[in-house]
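What follows is the residue order along each chain.
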Amino acid sequence: MFSFTRTLGARLSGVTARFASTATNAAKPTYKAPASVIVPTQFKPNTKGQGLMQLIAKEEVKRMGADGRSKLFNKSHPDCLRPGDVVLVETLNSMSADKTSTFVGVLIAMDRRGLHSNFTVRNVVLKVGVEMKYMLYSPMIKSVRIMKRGEGFRRAKLFYLRDNPGRAFRLEGLVKQDKAAQAKKAAKSA
Amino acid sequence: MASLLSSVRAGLRTGLPVECRSFVTSATQPATWTHKSLRTGVIARKKGMTAMWDEWGVRIPVTVLQLEQCQVVQVLNEETHGYTALQIGSTDRTPKNVTMPMLGHFAKAGVEPKRKLVEFEVTPDAVLPVGTELVASHFVPGQFVDCSAPTMGKGFQGAMKRHGFGGQPATHGTSLTHRSLGSTGQRKDPGKVFKGKKMAGRMGGEQATVQSLKVMKIDNDLNLIYVKGAVPGVDDQFVKVRDAIKKRGDKIAPADVLPLPFPTIQPEAVKAMPRELVAKTGGSDPYVMQE
């Protein structure tokens, strides 16, 4: 479980390392970012051993995944998502307010595409099947929590659940249990 | 060539010999921009596409363009050539693969031989000295640019794909003519097919310009420009990037980044900047309902 902080763009003090000019420091121009420009987290580029597009994709993953959400797609990590898990995804409604929306469902697909990695969550809401596709590195995703590990799913993509759901989408009990547990936790910490 | 060098640039981003490069020096007074001024464009290489998220959480597809040893090779002026322009060269080349006439042309300018030469018409106040290197910060995040490049070749294509013709019905008796042109003219008058009649033929590989693409990000270390949207052509293609002609004056960029570096960015200013700068989309939050 992780939670995402929205503060972006911390200017690295390492910027001063680029001042290696032999000119005197008397009239050295400084850069102040105007209001319409964001200075994101800076990295030092290392082009050795990889092409340009691989490098910038990796840097962007590092930047957008600074809260540790990459572990959800990392097979060697114990907190990795697996198809069949019941997950709770909390998304921000907008970047200007703190209101969130929650969606609970079964993880039926995971696509590993680097920065464009995404996963699909399915649930039956008021007798209507609903699938939500989330981009893993989107800043609108606040948290992804595994409510229950999937058991007995032997496929990478569980699209067959659309026609043969069985008891896969009976999740009300889980949600209630989880809510109670969260309330208890909040009461304890308060 | 060493005489053209005016300031030492430590931390070389391109990793290539510095003797052949020079910049608009701080000694040279940068000309003032007027509303009639037209600055130079650059030659960039299309490196590929990726995506980024803006400050509102909206996912934006971007094309990555890289400036590779982009220098001014020749200045064309009114007296000698009849118009004012800069000939820009991009991407160094090994001299053994360059013809003697071209080697002489580059030697006169004091630059390394280049792979691609393109002319950009400019106003006289935007002229840069020969050998000046153009970097990514010539453009500012948030401004609009036009990108021109040859489109992807599609080979010999039929009229339906090439010109968007409707074809004929799939059924109801149509025999062997589902995707053809149909009629190509009238009868005895005029008794011929007009020149320029749209027909099947080779498609693609022509220059196309995509206008008013927003510059979303600038990378000073790797000399990258990220533009929003798609750019014609294949990866590693040479792309002409210019300030948008349909957004002159104040509309070219947000007010707080204006004026644009004129005639191009000073090297000291580039050194002072952080490596990456991202443009804000601005406006109001699209995920909040407006009353």
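Scroll up to find the structure this text is about.
Here's a quick rundown of the structure. Everything numeric here is computed off the predicted structure, so don't read it as measured data.

### Focus on the overall build of chain A
Across its full length, chain A holds two helices and six strands. Seen in sequence order, chain A has helices and strands lined up from the N terminus as β-α-β-β-β-β-β-α. Here chain A, with 190 residues, has 39% of them falling under the buried criterion. When contacts within chain A are restricted to residue pairs at least 6 apart in sequence, long-range pairs at least 24 apart make up 58% of them. When the accessible surface of chain A is split by element, carbon and sulfur atoms take 55% of a total near 11600 Å².

### Side note on the overall build of chain B
When its secondary structure is counted, chain B shows four helices and 12 strands. Among the 291 residues that make up chain B, the fraction classed as buried is 45%. Long-range pairs, those at least 24 residues apart, make up 73% of the contacts in chain B with a sequence separation of at least 6. Here chain B displays about 14600 Å² of accessible surface, and carbon together with sulfur accounts for 56% of that area.

### Observations regarding the pairing of strand β5 (residues 128-135) of chain A
With eight bridges joining them, strand β4 (residues 118-125) of chain A and β5(A) adopt antiparallel strand pairing. Within β5(A), the residue paired with A:Val124 across the bridge is A:Gly129.

### Topic: the sheet that holds β5(A)
Residue and element names in this part refer to chain A. Spatial strand order, β5-β4-β3-β2-β6: five strands in an open sheet with antiparallel pairing. Taken across any chain shown, the strands that pair with only one partner, and hence form the sheet edges, are β5 and β6 (141-148). Across the sheet, the mean angle separating the axes of adjacent strands is 40° when strand polarity is ignored. Relative to β6, strand β2 (residues 86-92) runs antiparallel, the two being bridged by six bridges. Bridge pairing in β6 places Val-86 opposite Lys-148. Where helix α2 (residues 172-189) meets the sheet, it contacts β2, β3 (100-111) and β6, and its direction lies at approximately 115° from that of β6.

Rules behind the numbers
Residues numbered from 1 in each chain as written. Chains lettered and ligands numbered in written order. Predicted model: local features only at pLDDT ≥ 70, side-chain atom pairs only at ≥ 80, totals over all residues. Heavy atoms only, no water. Helix = DSSP H or I, 4+ residues; strand = E, 2+ residues; numbered from the N terminus. Buried < 20%, exposed > 50% of the residue type's maximum accessible area, 1.4 Å probe, protein only. Contact = heavy atoms within 4.5 Å. Areas by Shrake-Rupley, 256 points an atom, 1.4 Å probe, with all protein chains shown as cover. Pairing = 2+ DSSP bridges. Axes fitted to C-alpha atoms, helices over the stretch in contact; angles between N-to-C directions.

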